[in-house]
Amino acid sequence: MAQHSFLEGVAETAPAVTALPTRGGRIETAAAGQWTLIRLRFGRNKVAVGAGLVILALYLIGLFAEVLAPALPEASKPQFTYAPPQEIRLFTTQPDGSQKFEPHVTGYTMSVDQASLRRTYSIDEAKVVPIGLFVRGAAYKLWGLFELDVHLIGPLKKTDTMYLLGTDKLGRDLLSRLIHGTRVSMSIGLIGVAISLCLGVVLGSLSGFYGGGVDMVIQRVIEVISSMPTIPLWLGLAAAIPLTWSPLTVYFVITLIVSLFGWTGLAREVRGRFFALRSEDFVTAARLDGSSERRLIFRHILPSLTSHILAVVTLALPTMIVAETALSFLGIGLKAPIVSWGVLLQDAQNVRTIATASWLLIWPAGAVVLTVLAYNFLGDGLRDAADPYES
């Protein structure tokens, strides 16, 4: 009995194991890991989260461009040259004066000024073009694999026309071309940053880890590349591309050209962080434990820079997109039949076009501005969240 009482006393006085205290249904962050802290801190930045959702939506638009576009990007109708945007209306007026729910757009009435040969369009209320969701239209190959003819939105009759953002000089639907341009402009940023990331991380790591002669050679290369004037260099490299190359080949060459000059900043940042971390205690302990140089770089130092590199890459993506847009706008980047935001802006290079068809400038430029701002807000949020221990 005495022994039983003694055990009961021990059981009562032993330290109890309790769950982490919660507040508002969430576990306190005192025992959370670094990535959990980064995720929680990023989630509190509503602007950055919203920007991330915008970027995700743009990539989904590019991924399913054929389905989302009302028409094929190369389909043209010269009789609707520079046709203004049409407005979606939800109700039609019946003969008895009642309102009927019927989404539609109104048709055009076109007239030509004989003196200036300028076309003018006016809304014809008598022409009603019913529209709907998931309608059948022009056939296409989704991702080059699946034969489909379903479009997210469009006229119920294939012979009818719908131009929600207007048309260009050849009577092509600007909305469809803008959606297809999203795929090219957004993907060229990903490919370019992927190449720049590999070059910047590898060369920056070698420069910061070894120092000495290796560092001197890599830094001199970076200085030479940084000192080159970009626009004349792009002009020369673009002029060297043979005209017989396919548009797809030109696309990858332009991506390579843009990425070859985007890795220097990341390389210098990685170099500086390596200089600061290579003498830390955890690196010294790993070296004394027999870790090879490759293991020290890729298993011990680089993982501690992951969040920082992620933030830098996010801020580098809009630079790549703007570079491609600028090259294509100047006529030295992508060219038709490839559709990108820069190619679309080529139609807005003169004042007359802007005055008569301002939508050719507003929508492609607006897409670029929206993307750049979203990336910058997302990058700022990731940069702030990358150091969760900062007070």
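Here's what I pulled together on the structure shown here. (Residues numbered from 1 in each chain as written. Predicted model: local features only at pLDDT ≥ 70, side-chain atom pairs only at ≥ 80, totals over all residues. Heavy atoms only, no water.)

Across its full length, the chain holds 15 helices and 6 strands. Among the 391 residues that make up the chain, the fraction classed as buried is 38%. Partitioning the contacts of the chain with sequence separation of at least 6, the portion at a separation of at least 24 is 66%. Accessible surface computed for the chain: about 22,100 Å², of which carbon and sulfur atoms make up 65%. (Helix = DSSP H or I, 4+ residues; strand = E, 2+ residues; numbered from the N terminus. Buried < 20%, exposed > 50% of the residue type's maximum accessible area, 1.4 Å probe, protein only. Contact = heavy atoms within 4.5 Å. Areas by Shrake-Rupley, 256 points an atom, 1.4 Å probe, with all protein chains shown as cover.)

The next subject is the side chain of His-151. Take His-151: it is sitting in strand S6 (residues 146-155). At 2.9 Å, the side chain of His-151 and the backbone oxygen of Ala-138 are in polar contact. (Polar contact = N/O pair within 3.5 Å; in protein donor to acceptor, adjacent residues only side chain to side chain.)

For the rest of this paragraph, the subject is the sheet that holds strand S4 (residues 99-113). Judged by pairing direction, the sheet is antiparallel, and its 4 strands sit side by side in the order S3-S4-S5-S6 without closing on themselves. Among the strands making up the open sheet, the edge pair consists of strand S3 (89-93) and S6. Here the strands of the sheet are splayed against their neighbours by 60 degrees on average, with no regard to which way each runs. The sheet contact formed by S3 and S4 spans 4 bridges and is antiparallel. (Pairing = 2+ DSSP bridges. Axes fitted to C-alpha atoms, helices over the stretch in contact; angles between N-to-C directions.)

A word on a nonpolar patch on the surface. On the surface, Leu-53, Leu-56, Leu-60, Leu-63, Phe-64, Trp-143, Leu-145, Phe-146 and Leu-148 cluster together into a nonpolar patch covering about 860 Å² of accessible area. Going through the elements one at a time, helix H3 (46-63) and S6 are the ones with two or more residues in the nonpolar patch. Top contributing element to the nonpolar patch by residue count: H3, with 4 residues. Mapped onto the elements, Leu-56 comes out in helix H3. What makes Leu-56 partly exposed here is its relative accessible area of 48%. (Patch = residues over 30% accessible without salt bridge, like charges linked within 9 Å, V, L, I, M, F, W, Y side chains within 5 Å. Salt bridge = Lys/Arg side-chain N within 4 Å of Asp/Glu carboxyl O.)

Let's shift gears to helix H12 (residues 306-329). Over its 24 residues, H12 runs 35 Å from end to end, which matches the ideal 34 Å to within 8%, given 1.5 Å per residue. Where H12 ends, the next residue or the one after it, Gly-331, has phi of about 85 degrees, a positive value. (Expected span 1.5 Å × (residues − 1).)

To continue, consider the layout of surface pockets. To locate leftover empty space, one rolls a probe as large as a water molecule over the atoms. Its boundaries defined by the atoms lining it, the largest pocket holds a volume of some 580 Å³. Lining the largest pocket are 23 residues; nearest its centre among them are Pro-73, His-180, Arg-183, Val-184 and Pro-337. Classifying every residue of the lining of the largest pocket gives 14 nonpolar, 3 polar and 6 charged. (1 Å grid on protein atoms, 1.4 Å probe; cavity = no way out; pocket = protein on both sides within 12 Å on 5 of 7 lines; lining within 4 Å. Points joined across faces, edges and corners; volume = space filled by probe spheres on them. Nonpolar A, V, L, I, M, F, W, Y, C, P; charged D, E, K, R; others polar.)

Even without being a glycine, Tyr-82 presents a positive backbone phi close to 55 degrees. Within the element layout of this structure, Tyr-82 appears in the loop between helix H4 (65-68) and S3. With relative accessibility at 27%, the residue Tyr-82 sits in the partly exposed group.

Let's shift gears to the packing of H3 against helix H5 (residues 174-210). Running from amino to carboxyl end, H3 crosses H5 at an angle of 115 degrees, the nearest separation of the two axes being 7 Å. For the crossing formed where H3 meets H5, the hand is left-handed. Within the contact between the two elements, H3 uses Leu-58, Tyr-59, Ile-61, Gly-62 and Leu-63 and H5 uses Ile-179, Thr-182, Arg-183, Met-186 and Leu-190. Partitioning the contact of H3 with H5 into residue classes produces 7 nonpolar, 2 polar and 1 charged. (Left-handed = near helix turned anticlockwise from the far one by under 90°.)

Ile-254, Phe-274, Leu-302, Leu-305, Ile-309, Leu-334 and Trp-341 are the most contacted members of the largest nonpolar core, which has 70 residues in total. Among residues more than four places away in sequence, those in contact with Ile-309 are Leu-197, Val-201, Val-270 and Leu-302. (Core = buried A, V, L, I, M, F, W, Y, C linked by side-chain atoms within 4.5 Å.)

We now examine the pattern of salt bridges. This model, assessed by the stated rule, comprises 8 salt bridges. Across the pair Glu-223 and Arg-220 runs a salt bridge whose closest N-O atoms are separated by 2.8 Å. Residue Glu-223 and its partner Arg-220 are both found in helix H6 (residues 212-227); the two are separated by 3 residues, about one turn of the helix. With a closest N to O distance of 3.6 Å, Glu-223 and Arg-268 form a salt bridge. Highlighted residues: Glu-223 in helix H6 and Arg-268 in helix H9 (residues 264-277), separated in sequence by 45 residues. For Glu-223, a relative accessible area of 36% gives the class partly exposed. Arg-268 sits in the partly exposed class, given a relative accessible area of 38%. Three or more residues joined by partner-sharing salt bridges are found here, namely Asp-168, Arg-172 and Arg-177.

All we've got here are geometric facts, nothing functional implied.
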